[in-house]
Amino acid sequence: MSDIDRIIAELQRFTWPDYVVFVAMFILCIFIGIYFGFMKKSLNEADYLMGGRNMLILPIALSLVASFISGITLLGLPTEVYSFGIQYTYVGIGVIAMGFVMGIFYLPVFHDLNITSTYEYLESRFDRRLRMFGSVMFAIMNIGYLPIVIYVPALAFNQVTGVAVHTITPIVCVICVFYTSLGGLKAVVWTDVVQIISMLGALILVAIKGTFDIGGFKEVFTSAWQSTRIEAPDLSIDPTIRHTLWSQLIGGVIYWTQTNAVSQNMIQRYLSLPSLSSARWALAIFCLGVLILMALCAYNGLLIYATYKGCDPLTTKLAKAKDQLLPLFVMNTLGEYPGLTGLFIAGVFSAALSSLSTCLNSMSAVVLEDFVKPFVSTPLSAKAINWIMRSVVVGVGALCVSLVYVVEHMGTVLQLTMSLEAITNGPLFGIFTIGLLMPWINGNSALTGGIFGVMAMSWISLNAQWAIASGAIKYETKPLTVEHCNYEYDEALLLGSTHNFTNSPAGKEDIFPLYRVSYMWYTALGALITILMSVVCGCVFGSNDPRKVDPTLLAPSIRKFFSYTENKFNAKSNFTQQTKK
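Given the structure is predicted, the values throughout are model-derived calculations rather than measurements.

Conventions and cut-offs
Throughout, a residue's number is its position along its own chain's written sequence, starting from 1. Side-chain atom pairs in this predicted model are given and counted only at pLDDT of 80 or more, local residue features only at pLDDT of at least 70, and totals for whole chains, interfaces and linings cover all residues. In computing side-chain properties, one takes all heavy atoms of the structure into account and sets aside hydrogens as well as water. Counting from the N terminus, the helices are the DSSP runs of H or I reaching at least four residues and the strands are the DSSP runs of E reaching at least two. With a 1.4 Å probe rolled over the protein chains alone, any residue whose accessible area is under 20% of its type maximum counts as buried; one over 50% counts as exposed, and the rest are partly exposed. By definition in these notes, contact holds between two residues if any of their heavy atoms fall within 4.5 Å. Areas reported here follow the Shrake-Rupley algorithm with a probe of radius 1.4 Å; residue values treat only the protein chains shown as occluding. Interaxial angles span 0 to 180 degrees and are taken between N-to-C directions of axes, which are lines fitted to C-alpha atoms, for helices over the stretch in contact. For classification, angles of less than 35 degrees are called roughly parallel, those exceeding 145 degrees roughly antiparallel, those between 65 and 115 degrees roughly perpendicular, and all remaining angles oblique. Note on convention: the crossing is left-handed when the near helix lies turned anticlockwise from the far helix by less than a right angle, right-handed when the turn is clockwise. The nonpolar class holds Ala, Val, Leu, Ile, Met, Phe, Trp, Tyr, Cys and Pro. Asp, Glu, Lys and Arg form the charged class, and all remaining residues, Gly among them, are polar. Multiply 1.5 Å by the residue count of a helix minus one, and that product is the helix's expected span. For the purposes of these results, a polar contact is taken to be a pair of N or O atoms within 3.5 Å, where, inside protein, one atom must be able to donate a hydrogen and its partner to accept one; residues adjacent in sequence count only when each atom of the pair is a side-chain atom. Counting rule for disulfides: a pair of cysteine sulfur atoms within 2.5 Å. Per residue, pLDDT captures the predictor's confidence, and it can take any value from 0 to 100. Salt bridges are identified by distance alone: a Lys or Arg side-chain nitrogen within 4 Å of an Asp or Glu carboxyl oxygen. Patch criteria: residues need more than 30% relative accessible area and no salt bridge. Like-charged residues are merged within 9 Å; nonpolar side chains of Val, Leu, Ile, Met, Phe, Trp and Tyr are merged within 5 Å. Ring geometry is summarised as follows: Phe, Tyr and Trp rings, the Trp one being its six-membered ring, pair when their centres sit within 6.5 Å, and such pairs are stacked at plane angles under 30 degrees, edge-to-face over 60 and tilted between the two. The rule for a charge over a ring is simple: NZ of Lys or CZ of Arg within 6 Å of the ring centre, and within 35 degrees of the ring normal.

Undergrad: I'd like a rundown of the overall build of the protein chain, residues and numbers included.
TA: Counting its regular elements, the protein chain contains 22 helices and 0 strands. Of all 581 residues assigned to the protein chain, the portion counted as buried reaches 60%. Considering only contacts in the protein chain between residues 6 or more positions apart, those separated by 24 or more positions represent 86%. Summed over all atoms, the accessible surface of the protein chain reaches about 22400 Å², with 68% contributed by carbon and sulfur.

Printed below as a string of structure tokens:
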């Protein structure tokens, strides 16, 4: 047995108290699902999808944080800071800006319309084609995103227990599908509350114990400063630099606004609150919660570097995958204390379960409202609606487990996720922005712009990911060394490693420039392409008379610029009539 295998075997001390803590979290989630599933004899559609639209602010806000901070962030962000420094964390400025942009322009419109699926808006503002386009893009994005959500915590579990990734992922998915299909949105929200507490507790525990072991905060920040991991924002305007202040602010606010303001996964929770005021309070708490959790993840990244600065475990393959770095650190830090490693792994799985349950519940809403109801001639019975909603949860869950086999070969998850999401998210954000802010653009132009945007972003994103995976594009890491390792490793691993102490080129000159654009710009680029193409198509397809567009479909700050004396429409009544049909 090599030194590496021996050390990993010694660190895998997942004892029965750890399993007790880990399993207890799953049992609690199951009971929450059973409680909300049987509290009423039968959940109707409004209860199942929207929580009766009378949910409380704090649980919804915590659920939003839990859903957004998935295992991808929990494990990916510390690795990002360890490898590249804190430049990514300046995206927090974009998060704050997103809160204002969403609260002023997007949230008032969706909340006032009293809709269930976000894409119902597109039909009222444009036509049914746009609604279907949005729904299909959402479904494709979710099916591509969910396997990553499941895979990441399975990596952590594999690192601390040795249990195979493909053994634990079906178990986790079955549990999540069970309580989501049984209890609907209320079960999702209240399990999220339990899971965010578990997540936060795990991060704080690791931070406190790790800081104590390393000798205090001074040692952590001194090591980070000397290695330039703590640095001022990069003010360069070069879009090919991975993280700059401008990519984090401009690209970040567009990415976060799209994800939070127009995605069904998030907006469904805002719409479950009884008033716009309560939704804005939930938004403010969400922003604060995300910033706190991101700060904790970033600090743990600096802490990991201070611990391993003399011997990089990614280069020596002590951590076999990049996103196993934090679990390795936890094993070193908490492994000797029974139950604490289990608490951390429970926190990581909590992050995954919250994101997974949210996406499954949102998929059931979109399939029912956008793919079924518009195409049936008679109203569906309550039994048929319940069957459809639960079947979607089960079907999508099973599909995502099978796609884990694909995800495990696709590299670092944080950048990968944001890059692939942009294929659909950028164009969708562009279409929603057109609808809210540009009343003269009609459905033909918006649809053409959206299709063009998806094609362009598919070309850019997939080629860029291929260039990264093949090694044609590499990124320079912060200083890392293996000069002070106290164990033997295969020195051949140093050759070609992207996490060694040599500087890797930021990109080859023969790579097409668009492929080298930072992934932080992808959503903004997709939205911009969609909007510009829609404007150009307006010359071909003509334009709307802005005075005839229902003002309730436009952002409040835009309505005042147009006269609506000729307007004869009412969005709320339109939605009611469409539902009856």
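Undergrad: Describe the packing of helix 2 (residues 16-38) against helix 16 (residues 340-372), naming the residues involved and giving the relevant values.
TA: Helix packing geometry: the angle between the two helix axes and the distance between the axes. Where helix 2 meets helix 16, the closest approach of the two axes is 7 Å, and the angle between their N-to-C directions is 25°. Taken together, the axes of helix 2 and helix 16 are roughly parallel relative to one another. In this structure, the crossing between helix 2 and helix 16 has a hand that is right-handed. Every residue of helix 16 that contacts helix 2 at Asp18, Val21, Phe22, Met25 and Phe26 is listed here: Leu340, Thr341, Gly342, Leu343, Ile345, Ala346, Phe349, Ser350 and Leu353. Among the residues forming the contact of helix 2 with helix 16, the class breakdown is 10 nonpolar, 3 polar and 1 charged.

Undergrad: So, helix 6 (residues 91-113): which residues are in play, and what are the values?
TA: Its 23 residues place the ends of helix 6 31 Å apart at the C-alpha level, agreeing with the 33 Å of an ideal helix rising 1.5 Å per residue. Downstream of helix 6 by a residue or two, Asn114 has a phi angle that is positive, lying close to 60°.

Undergrad: Got a sec to walk through the side chain of Glu123? Specific residues and values, please.
TA: Relative to the elements of secondary structure, Glu123 occurs in helix 7 (residues 120-125). Polar contacts involving the side chain of Glu123 include one to the side chain of Arg128, which spans 3.5 Å.

Undergrad: Can you tell me about the packing of helix 4 (residues 57-68) against helix 13 (residues 276-308), naming the residues and giving the values?
TA: Closest axis-to-axis distance for the helix 4/helix 13 pair is 8 Å, and the angle between their directions is 40°. Considering their axes alone, helix 4 and helix 13 lie oblique with respect to each other. In this structure, the crossing between helix 4 and helix 13 has a hand that is right-handed. On the side of helix 4, the interface is formed by Ile57, Leu58, Ile60, Ala61, Leu64, Val65 and Phe68, while helix 13 contributes Ser278, Trp281, Ala282, Ile285, Phe286, Gly289, Val290 and Leu293. Across the contact of helix 4 with helix 13, the residue classes break down as 13 nonpolar, 2 polar and no charged.

Undergrad: Go over the environment of Pro327, please, and point to the residues and values.
TA: Along the chain, Pro327 falls in helix 15 (residues 325-334). Considered as a pair, Pro327 and Leu155 are 172 residues apart in the sequence and their alpha carbons are 8.6 Å apart.

Undergrad: Hey, could you go over helix 2 for me, with residue numbers and the actual values?
TA: Residue pairs three or four apart in sequence face the same way in an α-helix, which turns once every 3.6 residues. With 23 residues, helix 2 extends 32 Å from end C-alpha to end C-alpha; this agrees with the ideal 33 Å at 1.5 Å per step. All of the buried residues in helix 2 are Pro17, Asp18, Phe22, Met25, Phe26, Cys29, Ile32, Gly33, Phe36 and Gly37.

Undergrad: Explain the state of the cysteines to me, and be specific about the residues and the numbers.
TA: The term disulfide refers to a covalent linkage connecting the sulfur atoms of a pair of cysteines. If you walk through the whole model with that rule in mind, you get 1 disulfide. Note that Cys311 is cross-linked by a disulfide to Cys485, the S-S spacing being 1.8 Å. Handedness here is read from the sign of the S-S torsion; for Cys311 and Cys485, about 95°, the answer is right-handed. Taken together, the residues span a long stretch of sequence, with Cys311 in the loop between helix 13 and helix 14 (313-316) and Cys485 in the loop between helix 19 (443-470) and helix 20 (522-541) at a distance of 174 residues. Considered together, Cys311 and Cys485 belong to a single accessibility category, that of buried residues. There is no disulfide at Cys29, and the cysteine sulfur nearest it, in Cys176, is 8.3 Å away.

Undergrad: Run through the confidence of the model for the protein chain, naming residues and quoting values.
TA: With 88% of its residues at a pLDDT of 70 or more, the protein chain shows a mean pLDDT of 82. Scored below 50 in pLDDT, residues 500-508 makes 21 contacts in the model with residues more than four places away or belonging to other chains. Taken together, the stretch residues 565-569 has pLDDT below 50 and engages in 11 contacts with residues farther than four places along the chain or on a different chain.

Undergrad: So, the side chain of Thr341: which residues are in play, and what are the values?
TA: On the secondary structure map, Thr341 appears in helix 16. Using a relative accessible area of 3% as the deciding quantity, one classes Thr341 as buried. Apart from residues lying up to four places away in sequence, Thr341 is in contact with Phe14, Asp18, Val160, Val330, Leu334 and Gly335.

Undergrad: Account for the pattern of salt bridges, with residues named and values stated.
TA: Scanning the model with the defined rule gives 11 salt bridges in all. Here Arg242 ties to Glu80 by a salt bridge, and the two come within 2.7 Å at their closest N and O atoms. You can see Arg242 sitting in the loop between helix 10 (217-226) and helix 11 (245-262) and its partner Glu80 sitting in helix 5 (residues 71-84), a full 162 residues away along the chain. Note on accessibility: Arg242 and Glu80 belong to one class, buried. Among the ionic contacts, a cluster of salt bridges with common partners joins Glu123, Arg128, Arg131 and Asp370.

Undergrad: Break down a nonpolar patch on the surface for me, with residues and values.
TA: A cluster of nonpolar side chains, namely Leu200, Ile204, Ile208, Leu288 and Ile292, defines an oily patch on the protein surface of about 430 Å² accessible area. Secondary structure elements with two or more residues in the nonpolar patch: helix 9 (165-214) and helix 13. Per-element accounting of the nonpolar patch gives the leading share, 3 residues, to helix 9. Looking at the element boundaries, Ile208 is found in helix 9. In this structure Ile208 comes out as exposed when scored by relative accessible area, which is 57%.

Undergrad: Tell me about the packing of aromatic side chains, residues and numbers included.
TA: One pass over the full model with this rule turns up 15 aromatic pairs. Here Phe217 and Tyr299 contribute two aromatic rings whose centre-to-centre distance is 5.8 Å and whose plane-to-plane angle is 50°, an arrangement assigned as tilted. Taken together, the residues span a long stretch of sequence, with Phe217 in helix 10 and Tyr299 in helix 13 at a distance of 82 residues. Every member of this aromatic cluster is reached through a ring pair, and the members are Phe110, Tyr119, Tyr121, Phe138 and Phe432. In this structure, Arg128 packs its charged tip against the face of Phe375, placed 5.7 Å from the ring centre. Between Arg242 and the ring centre of Phe84, over which it is positioned, the NZ or CZ distance is 4.1 Å.

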